[in-house]
Amino acid sequence: MKTETIKRGSIVSNIVPIKEHSNTNPVGTIGQVLRVKRKTNQFVVKFLGGFSSVIVSNVNVKLSSQTNQKIPKVGDIFVSTWGYGQTNNSWFKVKSVKNKTVSVVTIGETRTYTNGGMSGQSLANPSEERGDVVDRRIVYDLHGNPSIKVASYARAWLVEDINKPMFFSEWN
């Protein structure tokens, strides 16, 4: 039987109470490994409900059998909200999924302007594909939400309701 190795991004649970500042995480608290310190056999873990990350020994945590990951499927939409001095939305449609990788294509958006034309709401337009299909690795947060890196400064997150508009702003 193959044993899985705890690595960065793994979901773990503690097998002993772990103190985090004035809070103590009881046995069985779920956390995500943020960093592995191989030389000292320690992990930097962010526990669900915790305020910060803590350093724990490898003998104090185990891989969790609990998984709450939302697996993207073909046709799902990701959105990245980013900008400095304005809010931009970049939309992506999943074309294929293989293991921990999705192939996505940039898609258009439909904008509704409010507030004098400098801002408003935008919705994804999945039928308007732009550019080439690119492969992106899926990364999950502690709550199981998938994201993909779309630029050095931005991640896109899975959209749960594509009919819910997203705020945007712009400069003319």
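Above this text you will find the structure in question.
Within each chain, residue numbers correspond to sequence positions counted from 1 in written order. Totals for whole chains, interfaces and linings use all residues, but because this is a predicted model, local features are given only for residues with pLDDT of at least 70 and pairs of side-chain atoms are given and counted only at 80 or more. With hydrogens and water stripped out, all remaining heavy atoms of the structure feed into the side-chain values.

(A) Up close: the overall build of the protein chain. A run of H or I in DSSP becomes a helix once it reaches four residues, and a run of E becomes a strand once it reaches two; helices and strands are each numbered from the N terminus. The helix and strand tally for the protein chain stands at zero helices and 14 strands. Helices and strands in the protein chain line up, N terminus first, as β-β-β-β-β-β-β-β-β-β-β-β-β-β. On C-alpha atoms alone, the protein chain measures out to a radius of gyration of 20 Å, which is more than a quarter above the 16 Å that the 2.2 N^0.38 rule sets for 172 residues. Considered along the principal axes of its C-alpha atoms, the protein chain spans approximately 55 × 40 × 25 Å. Exposure categories follow from relative accessible area, calculated using a 1.4 Å probe and restricted to protein chains: below 20% of the type maximum is buried, above 50% is exposed, and the middle band is partly exposed. Buried positions account for 36% of the 172 residues belonging to the protein chain. For a compact globule the rule gives 2.2 Å times the number of residues to the power 0.38, and the radius of gyration it is set against comes from C-alpha atoms.

(B) A look at unusual backbone geometry. Here the phi dihedral of Asn41 falls at roughly 55°; this positive angle occurs in a residue that is not glycine. Relative to the assigned elements, Asn41 resides in the loop between β4 (30-37) and β5 (42-47). For Asn99, which is not glycine, the phi dihedral falls at a positive 55°. Following the sequence through the fold, Asn99 ends up in the loop between β9 (88-98) and β10 (101-114).

(C) A look at the side chain of Asn25. Position of Asn25 relative to the elements: it lies in strand β3 (residues 23-25). You can call Asn25 buried: its relative accessible area is 3%. Only heavy atoms enter the contact rule, under which two residues are in contact if any of them lie within 4.5 Å. Not counting residues within four places of it along the chain, the set of residues in contact with Asn25 comprises Asn14, Val16, Pro17, Ile18, Glu20 and Phe47.

(D) Summary view of the sheet that holds strand β6 (residues 53-57). Strand order in the open sheet made by the five strands is β6-β5-β4-β1-β7, with antiparallel pairing throughout. Among the strands making up the open sheet, the edge pair consists of β6 and β7 (61-63). Averaged over all pairs of adjacent strands, the angle between strand axes in this sheet comes to 45°, irrespective of strand direction. By the convention used here, strands pair only if DSSP detects at least 2 bridges between them. Note: strand β1 (residues 11-14) against β7, three bridges, orientation antiparallel. What sits directly across from Asn14, in β7, is Val61. Here an angle of 0 to 180 degrees is reported between the N-to-C directions of two axes, which are lines fitted to C-alpha atoms, with helices fitted over the stretch in contact.

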